[in-house]
Amino acid sequence: MPKRKTKPERSWTNRFVREWIRLADGEAGIEELYDRAGDLEFKNRHRDPLKVAAKDFADAIRPRRELIPGFNAP
């Protein structure tokens, strides 16, 4: 049997999850990431999963601001 010359392509979901875990230094829930990747793949399958993972990771770690009506920050 001849040797395979090219590596098999990983699925979009696997590449997304691996990049997200790399960005999070291993501190991520794999099952939740696979669910998230499944949701994102439908709308983003034409985009590079590494870029989608980077954007999603940045959005996930961005501090959330709570708006308090009538409050003026000093």
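Structure report, in brief. Keep in mind that this is a model prediction, so the values were computed, not measured.

### Brief notes about the nonpolar core
(1) Moving on: In terms of nonpolar packing, the biggest core is built from eleven residues, these being Trp 12, Phe 16, Val 17, Trp 20, Ala 24, Leu 33, Ala 37, Leu 40, Val 52, Ala 53 and Phe 57.
(2) Moving on: Listing elements by their share of this core, those giving two or more residues are helix H1 (12-23), helix H2 (30-44) and helix H3 (49-61).
(3) Moving on: At four residues, H1 tops the list of elements feeding residues into this core.
(4) Moving on: Apart from residues no more than four positions distant in its own chain, Val 17 is found in contact with Leu 33, Tyr 34 and Ala 37.

### A closer look at H3
(1) Moving on: In a regular helix each residue adds 1.5 Å, so 13 residues correspond to 18 Å; H3 covers 18 Å between its end C-alpha atoms and thus fits that length.
(2) Moving on: Here H3 has its buried residues at Pro 49, Val 52, Ala 53, Asp 56 and Phe 57. When H3 is viewed along its axis, its buried side chains cluster within an angular range of 135° and face the same direction.
(3) Moving on: On its buried face, H3 sits against H1 and H2.

### Here we look at the packing of aromatic side chains
(1) Moving on: According to the stated counting rule, one finds two aromatic pairs in the structure shown.
(2) Moving on: Both rings, one in Trp 12 and one in Phe 16, keep their centres 5.6 Å apart while their planes meet at 10°; by these two values the pair is stacked. Of the two residues, Trp 12 and Phe 16 are both situated in helix H1; the distance of four residues between them amounts to about one turn of the helix.
(3) Moving on: A relative accessible area of 10% means that Trp 12 is categorised as buried.
(4) Moving on: Aromatic side chains Trp 20 and Phe 57 sit 5.0 Å apart centroid to centroid with 85° between the ring planes, which places their arrangement in the edge-to-face category.

### As for H1
(1) Moving on: Taking 1.5 Å per residue, twelve residues should reach 16 Å; H1 reaches 17 Å between its end C-alpha atoms and fits that length.
(2) Moving on: Among the residues trailing H1, Asp 25 stands out with phi positive, at a value near 55°.

### Here we look at a negative patch on the surface
(1) Moving on: Taken together, Glu 31, Glu 32, Asp 35 and Asp 39 make up a surface patch of like negative charges.
(2) Moving on: Turning to its location among the elements, Asp 39 is positioned in helix H2.
(3) Moving on: Taking the relative accessible area as the measure of exposure, Asp 39 reaches 55% and is therefore exposed.

### Re the side chain of Glu 19
(1) Moving on: Looking at where Glu 19 falls in the secondary structure, it is placed in helix H1.
(2) Moving on: Of the residues examined, Glu 19 reaches a relative accessible area of 14% and is grouped as buried.
(3) Moving on: Once residues within four sequence positions are removed from consideration, Glu 19 is found in contact with Leu 50 and Ala 53.

What counts, and at which threshold
- Residues numbered from 1 in each chain as written.
- Predicted model: local features only at pLDDT ≥ 70, side-chain atom pairs only at ≥ 80, totals over all residues.
- Heavy atoms only, no water.
- Core = buried A, V, L, I, M, F, W, Y, C linked by side-chain atoms within 4.5 Å.
- Buried < 20%, exposed > 50% of the residue type's maximum accessible area, 1.4 Å probe, protein only.
- Helix = DSSP H or I, 4+ residues; strand = E, 2+ residues; numbered from the N terminus.
- Contact = heavy atoms within 4.5 Å.
- Expected span 1.5 Å × (residues − 1).
- Arc of directions from axis to C-beta.
- Phe/Tyr/Trp six-rings, centres within 6.5 Å; stacked < 30°, edge-to-face > 60°.
- Patch = residues over 30% accessible without salt bridge, like charges linked within 9 Å, V, L, I, M, F, W, Y side chains within 5 Å.
- Areas by Shrake-Rupley, 256 points an atom, 1.4 Å probe, with all protein chains shown as cover.
- Salt bridge = Lys/Arg side-chain N within 4 Å of Asp/Glu carboxyl O.
- Lys, Arg positive; Asp, Glu negative; His and termini not counted.
- Charge placed at Lys NZ, Arg CZ, Asp CG, Glu CD.

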